[in-house]
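Chain residues, written in single-letter form:
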Amino acid sequence: MFQSNRKPKSGIGTAIAMAELIYHSVVRNVRKQHNNALIAIAMNMLQTVMFVVAFYVMFSILGMRGSAVRGDFLVYLMSGIFLYLTHVKALGAVAASEGPASPMMQHAPMNTIIAIASAAVGSLYIQVLSLFAILFIYHVAVTPITIDQPIAAFGMLLTAWFTGCALGLVMLAIKPWFPSFVTIFSTIYQRANMIASGKMFLANSLPGYMLAMFDWNPLFHSIDQARGFAFINYNPRFSNWEYPLWVGLVLLMIGLMGEFYTRRHASISWNARR
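What comes next concerns the included structure. Bear in mind the structure is a predicted one, so any value in this text is a computation, not a measurement.

The next subject is the packing of aromatic side chains. Taken as a whole and assessed by the stated rule, the structure comprises eight aromatic pairs. Geometrically, the ring pair formed by Phe181 and Phe185 is stacked, given 5.9 Å between the ring centres and 25° between the ring planes. Here Phe181 and its partner Phe185 are both found in helix 6 (residues 179–196), four residues apart, which amounts to about one turn of the helix. Pairing Phe185 with Tyr189 gives two aromatic rings, centres 5.9 Å apart and planes at 20°, and the pair type is stacked. Highlighted residues: Phe185 and Tyr189, both in helix 6, separated by four residues, approximately one helical turn. Among the residues examined, Phe185 registers a relative accessible area of 29% and is labelled partly exposed.

Along its 18 residues, helix 6 runs 25 Å from first to last C-alpha, staying within 8% of the 26 Å computed at 1.5 Å per residue. Val182, Ser186, Tyr189, Asn193 and Ala196 are the residues of helix 6 that are buried. On an axial view of helix 6, the arc spanned by its buried residues comes to 105°, and they lie on one face. Those residues of helix 6 that are exposed and aimed more than 90 degrees away from the buried face are Ser180, Thr183, Ile184, Ile188 and Arg191. In this structure, the buried residues of helix 6 make contact with helix 3 (73–95), helix 5 (150–174) and helix 8 (218–230). Two residues or fewer past helix 6, Gly198 is found with a positive phi of approximately 80°.

Glancing now at the nonpolar core. In terms of nonpolar packing, the biggest core is built from 54 residues, with Tyr76, Met78 and Leu83 touching the most fellow members. Listing elements by their share of this core, those giving two or more residues are helix 2 (37–62), helix 3, helix 4 (112–141), helix 5 and helix 8. Looking at which element gives the most residues to this core, the answer is helix 3, with 13 residues. Setting aside residues no more than four positions away along its own chain, Leu83 makes contact with Met156, Leu157, Ala160, Leu219, Ser222, Ile223 and Ala226. Counting eight residues, the second largest nonpolar core, distinct from the first, contains Leu21, Ile114, Ala115 and Ile126.

About the thresholds
- Residues numbered from 1 in each chain as written.
- Predicted model: local features only at pLDDT ≥ 70, side-chain atom pairs only at ≥ 80, totals over all residues.
- Heavy atoms only, no water.
- Phe/Tyr/Trp six-rings, centres within 6.5 Å; stacked < 30°, edge-to-face > 60°.
- Helix = DSSP H or I, 4+ residues; strand = E, 2+ residues; numbered from the N terminus.
- Buried < 20%, exposed > 50% of the residue type's maximum accessible area, 1.4 Å probe, protein only.
- Expected span 1.5 Å × (residues − 1).
- Arc of directions from axis to C-beta.
- Contact = heavy atoms within 4.5 Å.
- Core = buried A, V, L, I, M, F, W, Y, C linked by side-chain atoms within 4.5 Å.

Written out as structure tokens, the structure is:
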């Protein structure tokens, strides 16, 4: 599948050939989780449902439902959980993608850019498919839901995915040099974002001294803006969608430069001394 009989001569031909390679790599990445792609998606849906149930029980026991925005409480929970999972899954997928010393790189015209793009797109594909499946089941089986600005809310999901991919690219560039640090940092970052992402509360309800503890996080802005687009009764005043976009672009440039430098110094015997 990675063989090319004729080298494309035009830019369009090159783009089509790369898109075909990314497609096959996405299928391979999805099937790495399980031989059956449907089961891989079902496992991801089950994880999301377990998150929603756990937070629903916690909010109910602690009496925190009154702090949520007026509207469907489960949509409020899912708007935070979907974006959080999309962000951390994208980070993990890109950071774990094949590097320049991987055996897959010996199959021309495979390269690291295709491996990174396929990992990012595969992660987004599974999360978006799970999102629509869960919302459809909830809408049909439980209660009809209404999202005020669905396209804008979906755009915030894409910003959460984009910032996760950009940070994952930085981790991928650092990993050959400091593999233990990348593993520890990724774990701590994912655990810290259980709270720092702001999926458990609204930015408008936070006092100023607490807001300063969270507004550095681009995922915090994405989730708060998504709730502003999902609910007609909530108007976010302390977040914006431009911040995660610019942070993602900066991290993307740093990650691309780091990956280019790492690729030039890559060696298959790098891990021999570890």
